[in-house]
Amino acid sequence: MGKIISIFNQKGGVGKTTSSINLSAGIGRLGKKVLLIDLDPQGNSTSGLGVEKNEVDSQIYDVLALDLPISEAIHETSAENVYIIPSNSQLAGLEIELAREGNWEPLLREKLSNIKDDFDFIFIDCPPSLGILSVLGLIASNSVIIPIQCEYYALEGVSQLFDTIQLVKANFNPGLDIEGVILSMFDGRTNLSIQVVDEVKAYFKGKVYVSIIPRNVRLAEAPSHGLSIMDYDDKSKGSEAYMELAEEFLDLVE
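Below you will find a few notes about this structure. (Residues numbered from 1 in each chain as written. Predicted model: local features only at pLDDT ≥ 70, side-chain atom pairs only at ≥ 80, totals over all residues. Heavy atoms only, no water.)

**Brief notes about a negative patch on the surface**
A contiguous patch of negative charge on the surface is contributed by Glu240, Glu244, Glu247 and Asp251. Taking relative accessible area as the criterion, Asp251 reaches 61% and is therefore assigned exposed. (Patch = residues over 30% accessible without salt bridge, like charges linked within 9 Å, V, L, I, M, F, W, Y side chains within 5 Å. Areas by Shrake-Rupley, 256 points an atom, 1.4 Å probe, with all protein chains shown as cover. Salt bridge = Lys/Arg side-chain N within 4 Å of Asp/Glu carboxyl O. Lys, Arg positive; Asp, Glu negative; His and termini not counted. Charge placed at Lys NZ, Arg CZ, Asp CG, Glu CD. Buried < 20%, exposed > 50% of the residue type's maximum accessible area, 1.4 Å probe, protein only.)

Here's what the structure looks like:
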């Protein structure tokens, strides 16, 4: 049975989509079958894995709003063993549609129940907000991975994030847990990055992955080519870091 994990932080620019793409690709390279659900209307996970978001004939909006069978929205990607349910800007209006209808909470969880046994892991790239789409992802998930950037104000908003997770846990998904915390954009030359690592480790006791993602130019370039960092430059520091993270993730899960 596939484990369903939301990758979530309501702050933008924390490496959420970069981690969604490259953790998925790393796990795929290690022989696991992975599905990534792009739940962000910006569709960056979609284009970052080589799928043309405005040309796909089926996406997550069609599944949630138009009742398309979820199996018909799964697309192959540029990464080995990684599949995606894409999104695009159409998804932006879904929150208003669902809020109007009501009873939307279990929608994604019910859809995923039809395919979760077909994959080893299902990751959900949540939007950078605390809205309905993120809550849909959290209700459908077994656990949450939180990416945090090694910069000033790194922990700002974390208490809000915790409140949202606790709210979902109390009302809809009692088994929801924090899977782990990914530290990204680390620059070992600065005292600030080192200080942030210590602060985050103290805050999320025992939940922070040992593998830390560095600042890396190649990592920033890869999405524009529709490739994971492993497929773009597998000798880069970014590729090595995400492969280490994928191995650590699997060790902890298994």
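**Comments concerning empty space enclosed by the protein**
All chains considered together, the criterion is met by one cavity of 30 Å³ or more. Of the pockets and cavities examined, the largest cavity occupies roughly 30 Å³. What lines the largest cavity is simply Thr18, Ile21, Asn22, Leu219, Ala222, Pro223, Leu227, Ser228 and Ile229. Among the elements that take part in the lining of the largest cavity, helix H1 (residues 16–29) stands out by supplying three residues, more than any other. When the residues that make up the lining of the largest cavity are grouped by side-chain class, the tally is six nonpolar, three polar and no charged. (1 Å grid on protein atoms, 1.4 Å probe; cavity = no way out; pocket = protein on both sides within 12 Å on 5 of 7 lines; lining within 4 Å. Points joined across faces, edges and corners; volume = space filled by probe spheres on them. Helix = DSSP H or I, 4+ residues; strand = E, 2+ residues; numbered from the N terminus. Nonpolar A, V, L, I, M, F, W, Y, C, P; charged D, E, K, R; others polar.)

**Observations regarding the pairing of strand E5 (residues 121–125)**
Counting buried positions along E5 yields five of five residues, so the element is predominantly enclosed. Here E5 shows no split at all, with Phe121, Phe123 and Asp125 on one side and Ile122 and Ile124 on the other all buried. In this structure, strand E1 (residues 3–7) lies alongside E5, joined through five bridges in parallel fashion. Opposite Ile4, over in E5, you have Ile122 as the bridge partner. Where strand E2 (residues 34–38) meets E5, five bridges bridge the pair, whose relative direction is parallel. The residue bridging Ile37 from the neighbouring strand is Ile124, located in E5. (Pairing = 2+ DSSP bridges.)

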